[in-house]
Amino acid sequence: MNRSDPSTQQPVIAPPSRRIRLRLPRLKTARGVFDARRVASTIAFFARDLHKHLGLLIPAGLAMLAATLLSLAAPWPVQVVLDHVILGRPARGVMSDVLARLGDPRNVLLAACAAVVLIAAARGLFEYASQILQADAAHRIGNKLRHRVFKHLQQLSLRFHERSRTGDLLLRLTGDITLVRDLLVASLFDLMAALLLLSGLLAMMFRLSPALAAVALATLPAVVAASWLTSVRLRAAVRKKREKEGDLISAAAEVLGAISHVQAFTREDAEKDRVSRLERSSLRAELKTVRLESKLARTVEIVTALGTCGILYLGVGDVLAGKLSPGTLIVFISYYTSLVKPIRQLAKTAGRMAKASSCADRVREVLDEVPEIQDAPDAVVAPPLAGHIRFERLRFDYEPGRPVLRDIHLDIPSGQRVALVGPTGAGKSTLMKLLLRFYDPTAGCVRVDGRDIREFTLESLRRQISVVQQHTVLFGTTLGDNIAMGRLGATRADVEAAARELGIEEWIASLPNGYDTIVGERGATLSGGQRQLVALARAILRGGRILIFDEPTTGLDGRTEQQIRRALQRAMRNRTTLIISHGLRPLADVDRVIVLTEGRIVQDGSHDDLRGEVGVYRELFEVPSEPDLVRGAPA
Ligand code: ATP
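Peer 1: Explain the environment of Leu511 here, please?
Peer 2: With respect to the helices and strands, Leu511 occurs in the loop between helix H17 (505-509) and helix H18 (528-542). According to the relative accessible area criterion, Leu511 is buried, its value standing at 15%. Ignoring any residue separated from it by four or fewer positions in sequence, one finds Leu511 in contact with Leu479 and Thr517.

Peer 1: Mind showing me how you'd approach H18 here?
Peer 2: Each α-helix winds once per 3.6 residues, and so residues spaced three or four apart point in a common direction. Here H18 is 15 residues long and its end C-alpha atoms lie 21 Å apart, about the 21 Å a rise of 1.5 Å per residue gives. Most of H18 sits out of view: 11 of its 15 residues are buried. Residues Gly529, Gln532, Leu533, Val534, Ala535, Leu536, Ala537, Arg538, Ala539, Ile540 and Leu541 constitute the buried set of H18. Downstream of H18 by one or two residues, Gly543 has phi in the positive range, about 80°.

Peer 1: Looking at this structure, I do not really get the sheet that holds strand E4 (residues 443-448). What am I missing?
Peer 2: What holds strands together in a sheet is hydrogen bonding between their backbones, with the strands either parallel or antiparallel. Spatially, four strands are ordered E2-E1-E4-E5 in an open sheet, and the strand pairing comes out antiparallel. Looking at which strands have only one partner, the edges of the open sheet turn out to be strand E2 (402-412) and strand E5 (451-452). In this sheet, E4 lies alongside strand E1 (residues 389-399) in antiparallel orientation, the contact comprising five bridges. Its bridge partner lying in E4, Ile389 is registered against Val448. Contacts between helix H13 (residues 428-435) and the sheet are confined to E1, E2 and E4, with E1 contributing the most and set at about 110° to the helix.

Peer 1: Honestly, the packing of aromatic side chains in this entry has me stumped. Any pointers?
Peer 2: Aromatic ring pairs are defined here through the distance separating the ring centres and the angle between the ring planes. Inspection of the entire model under this criterion finds four aromatic pairs. Here Phe45 and Phe46 contribute two aromatic rings whose centre-to-centre distance is 4.9 Å and whose plane-to-plane angle is 80°, an arrangement assigned as edge-to-face. The exposure class assigned to Phe45 is partly exposed, which follows from its relative accessible area of 26%. Each ring, one from Phe396 and one from Tyr439, has its centre 5.3 Å from the other, and the planes form 50°; the classification is tilted. Within this pair, whereas Phe396 is found in strand E1, its partner Tyr439 is found in the loop between H13 and E4, the two being separated by 43 residues in sequence. Assessed through its relative accessible area of 0%, Phe396 is described here as buried. Judged by relative accessible area, Tyr439 falls into the buried class, the value being 0%. Grouped by ring-pair contacts, the aromatic residues Phe396, Tyr398 and Tyr439 constitute a single cluster.

Peer 1: Help me understand the packing of helix H3 (residues 54-73) against helix H8 (residues 166-208), please; the structure alone is not making it clear to me.
Peer 2: How two helices sit against one another is set out by the angle between their axes and by the gap between those axes. One can describe the packing of H3 onto H8 by two numbers: an axis separation of 10 Å at closest approach and a directional angle of 30°. Between H3 and H8, the interaxial angle falls into the category roughly parallel. The interaxial crossing formed by H3 with H8 has right-handed handedness. Only Val185, Phe189, Met192, Ala193, Leu196, Leu197, Gly200, Leu201 and Met204 of H8 make contact with H3, whose side of the interface consists of Leu57, Ala60, Gly61, Met64, Leu65, Thr68, Ser71 and Leu72. Of the residues that constitute the contact of H3 with H8, the class distribution is 13 nonpolar, four polar and no charged.

Peer 1: Teacher, can you tell me more about the nonpolar core here?
Peer 2: The nonpolar side chains of a soluble globular protein tend to be buried, and buried together. Within the largest apolar cluster, 41 residues are counted, with the highest numbers of intra-cluster contacts made by Leu479, Leu502, Ile504, Trp507, Ile508, Leu536 and Val593. If you list the elements that add at least two residues to this core, you get strand E3 (417-421), helix H15 (479-484), helix H16 (492-502), H17, H18, strand E7 (546-550), helix H19 (558-572) and strand E9 (592-597). Of all the elements, H18 adds the most residues to this core, at eight residues. When residues of this core are sorted by domain, at least three fall in each of domain 2 (388-464 + 545-559 + 575-635) and domain 3 (476-543). Those residues in contact with Ile508 that lie beyond four places of it in its chain are Leu479, Ile483, Ala499, Gly514 and Tyr515. Of all hydrophobic cores here, the second largest spans 33 residues; its members include Leu394, Phe438, Ile548 and Leu578.

Peer 1: Help me out: how do you make sense of the sheet that holds strand E10 (residues 600-605) in this one?
Peer 2: Taken in spatial order, the six strands of this open sheet run E6-E7-E8-E3-E9-E10, and their pairing is mixed. The sheet terminates laterally at strand E6 (465-468) and E10, the two strands that pair on one side only. Ignoring strand direction, the axes of neighbouring strands in this sheet form an average angle of 20°. As paired elements, E3 and E9 share four bridges and run parallel to each other. Counted as the bridge partner of Val418 is Arg592 from E9.

Peer 1: What should I look at first to understand the packing of H16 against H18 in this one?
Peer 2: In the contact formed by H16 and H18, the axes pass within 9 Å of each other and the chain directions differ by 115°. Taken together, the axes of H16 and H18 lie roughly perpendicular to each other. The handedness of the crossing between H16 and H18 is right-handed. In contact with Asp494, Val495, Ala498, Glu501 and Leu502 of H16, H18 contributes Leu533, Leu536, Ala537, Ile540 and Leu541. The residue makeup of the contact of H16 with H18, split by class, is eight nonpolar, no polar and two charged.

Rules of the game
Residues numbered from 1 in each chain as written. Predicted model: local features only at pLDDT ≥ 70, side-chain atom pairs only at ≥ 80, totals over all residues. Heavy atoms only, no water. Helix = DSSP H or I, 4+ residues; strand = E, 2+ residues; numbered from the N terminus. Buried < 20%, exposed > 50% of the residue type's maximum accessible area, 1.4 Å probe, protein only. Contact = heavy atoms within 4.5 Å. Expected span 1.5 Å × (residues − 1). Pairing = 2+ DSSP bridges. Axes fitted to C-alpha atoms, helices over the stretch in contact; angles between N-to-C directions. Phe/Tyr/Trp six-rings, centres within 6.5 Å; stacked < 30°, edge-to-face > 60°. Parallel < 35°, antiparallel > 145°, perpendicular 65-115°, else oblique. Left-handed = near helix turned anticlockwise from the far one by under 90°. Nonpolar A, V, L, I, M, F, W, Y, C, P; charged D, E, K, R; others polar. Core = buried A, V, L, I, M, F, W, Y, C linked by side-chain atoms within 4.5 Å. Domains from an automatic or database assignment.

Okay, here's the thing in structure tokens:
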């Protein structure tokens, strides 16, 4: 079949000439406050993934709250020691009762020391619990999301997959989803923890000294502005970086997938250079994001250092003036130093969220993509089909205005064996794809048993069509399993029956482990012809009265070709068969030959009729005059 069918895809060595990106809504890089909204809308979009895990997220949030409160309590034992144990200042309120009960300053010191340890231990415990619960929720959310995206990707039409790059889709499915997961859980929790601590610290600082707190507060807008501006630029940079990484993975996958071609054409160095070029451009994109991130961190650091200067200067003045106790100044400074942490955390989280929301956009793009080919709302399950196929006034354009098939009228009674021939690019594979409803016609329709195939559910239609594609796709499992893939739930007995029907059981028995022979990744341990036999067995097992066989173009040796031909003859019994033929031999076994040229049917008749006519058919195969060349081939 066509080179671009993913299930038959021939790996491409050179970079594809058409690098079509996903035809998806592209949102321009956001500016200003839109960025925050973007994150919020991303979270809202994935909210259903979050809300199913509230059982883990709520306890994680409560543990985080407890840890924050303990952080606020942490510096107070030092204040007690400094003001009441060292300086012997009297306490007020509850504290004076506590000190009175403890009596001896040594006891106060010991109690303060114990409090330091207990607060730290309890805070550690709560943080630990929160992180474990978050990680658990994040993994579950990530897995569910990946499952949802993967399922959706499988439902998307061939056109989508032909225009997408596999590496890029893989990146969306793996790396991007991991970042979305982080955005939904880790970043959101970090953000909430930072905001909670920040507001707690500021509230306490205002209580202790409004003037010093105002100085601390003055540093905030600069930090917020710097992180906000950087995060907008970071988001665009990360998106670019991900695209470059997608290119790199796609290129590496292409080379590895076509390694035999690469080696045969001695393209190793050329491919290495291509991958290196992509690596360099990926590195440049990566460096840009690192530069932006470190620029943000530096800005935050400088602003907070300036704030520390101001507080120290004014705070010491207040202590000397007797407005503030030394212990309280220590607590205040400790709070201010702690303030840096949530501020930096906020900046970091903003960066991470910017990064993740770019990746989330990429995941959303896939989820938003509507499958082009879907069941009609009133589609019915196809009844067992007899296999009468009719293409009616059919026209098809891959790209609007450029018809690949035009005015196709073709009626194939059930049970007829038809060969489709024609020069390369004539539209043979496309016609098959329309029968399988990989695409819908631009005009006209395809009927089976008199009904437009769009009236049937996709699944029930495809279940009744057996396809053997030109480039058979085998999986790296056993031969038996590969045949069994033809039908869900097929047993070993079904597999053996299919092999018998095709007459290939002897060949399978001659293999070292029979049906249990491992065929290697993509069937690498089998020859092209043997792969076709497995594919034919798979098609037979599928059942159904319509068989599509796309003959391999690669030359097979005479013996294998005969083996396939015999198997095909058996497979064609009682089935409407459409063979895309590139050679002469199968043409002797069919009832009718259709010649396609530039998307039109130009000849239609039996092999014998057509070989007598002057026309494309004769030119195509240069049919020799000796009739035996075809018929005389050993059966
Ligand atoms: P071959 O014998 O080489 O397999 P074919 O007769 O099967 O050729 P098709 O694969 O049906 O030809 O292709 C018909 C035309 O449609 C060609 O010009 C091809 O370039 C074009 N074509 C095929 N697939 C696509 C696609 N996914 N997008 C755009 N054009 C396509």
